[in-house]
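Examination of the molecular architecture
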Amino acid sequence: MTESYQPETLAVRAGTVRSQFGEHSEALFLTSSFVFESAAQAAARFIGEEPGNIYSRFTNPTVTMFEERLAALEGAEQCVATASGMSAILACVMGVLKAGDHIVASVSLFGSTVNLFNNVIKKFGVETTYVSATIVAEWQAAVRANTRLFFLETPSNPLTEISDIAAISVIAKSCGALLAVDNCFCTPILQRPLALGADIVIHSATKYIDGQGRVLGGAVLGSRKNMESVYGFLRTTGPTMSAFNAWIFLKGLETLKLRMDAHSAGSLELATWLEAQPNVARVFYPGLPSHPQHELAMRQQKSGGGIVAFEVKGGKEAAWRVIDNTKMLSITANLGDTRTTICHSASTTHARISPEARLAAGISDGLIRIGVGLEAVIDIQNDLARGL
Ligand SMILES: *Cc1c(COP(=O)(O)O)cnc(C)c1O
């Protein structure tokens, strides 16, 4: 399907290939390998002379349908599906970098991404310099002769800082580096990084693409040229997406537009209400006019997304009181679910960072992060009001 279709159409139609049985809903191909009609056909498939499936670590028809659909939504030439969001990031860096290369990354990254950069790929001779998510000049200043990759996530977790994708992509291009954007929080429904100048898009499909908290998966998207080595790494090493999970994600994509619009609308309503609460010191939500980068967010994203953070007056004690007085909200660090989630960032997702570094990053002891689900906003408000 071409890009001339609207996103909601692509989300339900793109990538579908029917088998000989003419099924309407996409088939789930639970098979590890594929058979050939002859020895000659097997040989032609293995040397790449004839396209077709060989083994599900290489390709699987259900996974391919998911890849084609997500690629259409992101406007990417190619999508490579992975077992999780983290294996997408691993495949990206292992695919495009070599020993001696340098990464410039936003300091406001998902915790496991920081671990991957600091403790795993560093062992293989790739160094990372961290810079502000929001101050564009810091990206330029951190560039070295061997810088090959810029990596960011916007909006960031939990403070919803916005990185200017277009401005940072200009710097990346000028120094010959690729810009990779983790688009997990927005999904292609709210933000399309490639159209803004990024080279690579990363997804944790575990979050909004599934949308119902069931399975893990991820994806790397970009040009055929950039995806060649990413796919090569994956095909050889094996953290590929399972066919079952791809089938779940195909169903998830079909409702993604409806869900993202609802997550955003609910979040804006909740954030506006939180701002009016006397015991709330500050609310962080890109859709609020009070957000320091509201204008950039509204230019770069279709709407604010589903993550709202707020600071309760009274520090950790007060924040824990709000969390412990909820009856409905799920106390969990996950997000992108139909069910609203609540967590205390300083003692969970950011607990391993030193208190000084945490404060420097703006994550105070009173900070609470809400992953706004699809319940009625009034019920979420009532659940929070008890502890506030
Ligand atoms: C969850 C998450 C990841 C990692 O994804 P997994 O599917 O858990 O491996 C990466 N980036 C962001 C922004 C995330 O929220």
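Everything numeric in this text was worked out from a predicted model, so none of it was measured.

Thoughts on the site of the ligand
Lining the immediate surroundings of the ligand are Ser-84, Gly-85, Met-86, Phe-110, Glu-153, Asp-182, Cys-184, Phe-185, Ser-204, Thr-206, Lys-207 and Gly-217. Take Ser-204: an N or O atom from its side chain is 2.9 Å from an oxygen atom of the ligand. Protein chains shield 92% of the accessible area of the ligand, which is 380 Å² for the free molecule. Residues belonging to the shell around the ligand are distributed by class as follows: four nonpolar, five polar and three charged.

Focus on the sheet that holds strand β6 (residues 200-204)
Taking strand neighbours across the sheet as the criterion, the seven strands line up as β1-β7-β6-β5-β4-β2-β3 in an open arrangement whose pairing is mixed. At either margin of the open sheet sits one strand with a lone partner, and together these are β1 (78-82) and β3 (127-131). Within this sheet the neighbouring strands show an average axis-to-axis angle of 20°, counted without direction. In this structure, β6 lies alongside strand β7 (residues 218-222), joined through five bridges in antiparallel fashion. Bridge pairing in β7 places Ser-204 opposite Gly-218. Across the sheet, helix α4 (residues 85-96) lies against β1, β2 (102-106), β4 (147-153), β5 (178-182), β6 and β7, angled at about 155° from β6, the strand it touches most. Contacting β1, β5, β6 and β7, helix α9 (residues 224-237) runs over the sheet at an angle of about 20° to β1.

Some words on the packing of α4 against α9
The contact between α4 and α9 brings their axes to 8 Å, and the two run at 115°. For the pair α4 and α9, the crossing hand works out as right-handed. From α4, Leu-90, Ala-91, Cys-92, Met-94, Gly-95 and Val-96 reach across to α9, where they touch Asn-226, Ser-229, Val-230, Phe-233 and Leu-234. Residue classes in the contact of α4 with α9 are distributed as eight nonpolar, three polar and no charged.

Structural notes on the layout of surface pockets
One number sums up the size of the largest pocket: a volume of about 890 Å³. Surrounding the largest pocket, 35 residues form its lining, Leu-109, Gly-111, Thr-349, His-350 and Ile-353 being those nearest its centre. Secondary-structure elements contributing two or more residues to the lining of the largest pocket are α5 (111-120), β8 (280-284) and α14 (355-360). A total of four residues in the lining of the largest pocket trace back to one element, the largest contributor, which is α5. Here the lining of the largest pocket is composed, by residue class, of 16 nonpolar, 12 polar and seven charged. Shared between two domains, the lining of the largest pocket takes at least three residues from each, and those domains are domain 1 (7-254) and domain 2 (257-387). One number sums up the size of the second largest pocket: a volume of about 400 Å³. Along its surface, the second largest pocket is lined by 21 residues, and Thr-59, Glu-67, Gln-78, Cys-79 and Tyr-231 are the ones closest to its centre. When the residues that make up the lining of the second largest pocket are grouped by side-chain class, the tally is 10 nonpolar, six polar and five charged.

So, the nonpolar core
Membership of the largest hydrophobic core comes to 36 residues, with the highest contact counts inside it found for Phe-66, Leu-70, Ile-209, Leu-221, Met-241, Phe-249 and Leu-253. Contributing elements (two or more residues each) for this core: α1 (7-13), α3 (61-74), β1, α8 (187-190), β7, α10 (243-254) and α11 (256-275). The biggest single contributor to this core is α3, with seven residues. Here this core spans two domains, since at least three of its residues come from each of domain 1 (7-254) and domain 2 (257-387).

Brief notes about the state of the cysteines
Applying the stated criterion across every chain, the model contains zero disulfides. This cysteine, Cys-92, is not joined by any disulfide, and Cys-79 carries the nearest cysteine sulfur, 13 Å off. The exposure class assigned to Cys-92 is buried, which follows from its relative accessible area of 0%. With no disulfide of its own, Cys-175 lies closest to Cys-92 among cysteine sulfurs, the gap being 15 Å.

Notes on helix α15 (residues 377-385)
Of all the positions in α15, only Val-377, Ile-380, Gln-381, Asp-383 and Leu-384 are classed as buried. Along α15, the residues classed as buried sweep out an arc of 160° about the axis, all on the same side. Its buried side turned inward, α15 meets α11, β9 (307-312), α13 (315-324), β11 (341-344) and β12 (367-371).

What about the side chain of Glu-161?
Take Glu-161: it is sitting in the loop between β4 and α7 (165-174). The side chain of Glu-161 is buried and forms no salt bridge, while Arg-282, the nearest opposite charge, is found at 9.3 Å. Among all residues touching Glu-161, those that are not within four sequence positions of it are Ser-108, Ala-133, Thr-134, Thr-154, Pro-155, Ser-156 and Gln-293.

Conventions used here
Residues numbered from 1 in each chain as written. Predicted model: local features only at pLDDT ≥ 70, side-chain atom pairs only at ≥ 80, totals over all residues. Heavy atoms only, no water. Near = heavy atom within 4 Å. Polar contact = N/O pair within 3.5 Å; in protein donor to acceptor, adjacent residues only side chain to side chain. Areas by Shrake-Rupley, 256 points an atom, 1.4 Å probe, with all protein chains shown as cover. Nonpolar A, V, L, I, M, F, W, Y, C, P; charged D, E, K, R; others polar. Pairing = 2+ DSSP bridges. Helix = DSSP H or I, 4+ residues; strand = E, 2+ residues; numbered from the N terminus. Axes fitted to C-alpha atoms, helices over the stretch in contact; angles between N-to-C directions. Contact = heavy atoms within 4.5 Å. Left-handed = near helix turned anticlockwise from the far one by under 90°. 1 Å grid on protein atoms, 1.4 Å probe; cavity = no way out; pocket = protein on both sides within 12 Å on 5 of 7 lines; lining within 4 Å. Points joined across faces, edges and corners; volume = space filled by probe spheres on them. Domains from an automatic or database assignment. Core = buried A, V, L, I, M, F, W, Y, C linked by side-chain atoms within 4.5 Å. Buried < 20%, exposed > 50% of the residue type's maximum accessible area, 1.4 Å probe, protein only. Disulfide = S-S within 2.5 Å. Arc of directions from axis to C-beta. Lys, Arg positive; Asp, Glu negative; His and termini not counted. Salt bridge = Lys/Arg side-chain N within 4 Å of Asp/Glu carboxyl O.

Any functional reading would require information that these geometric values do not contain.
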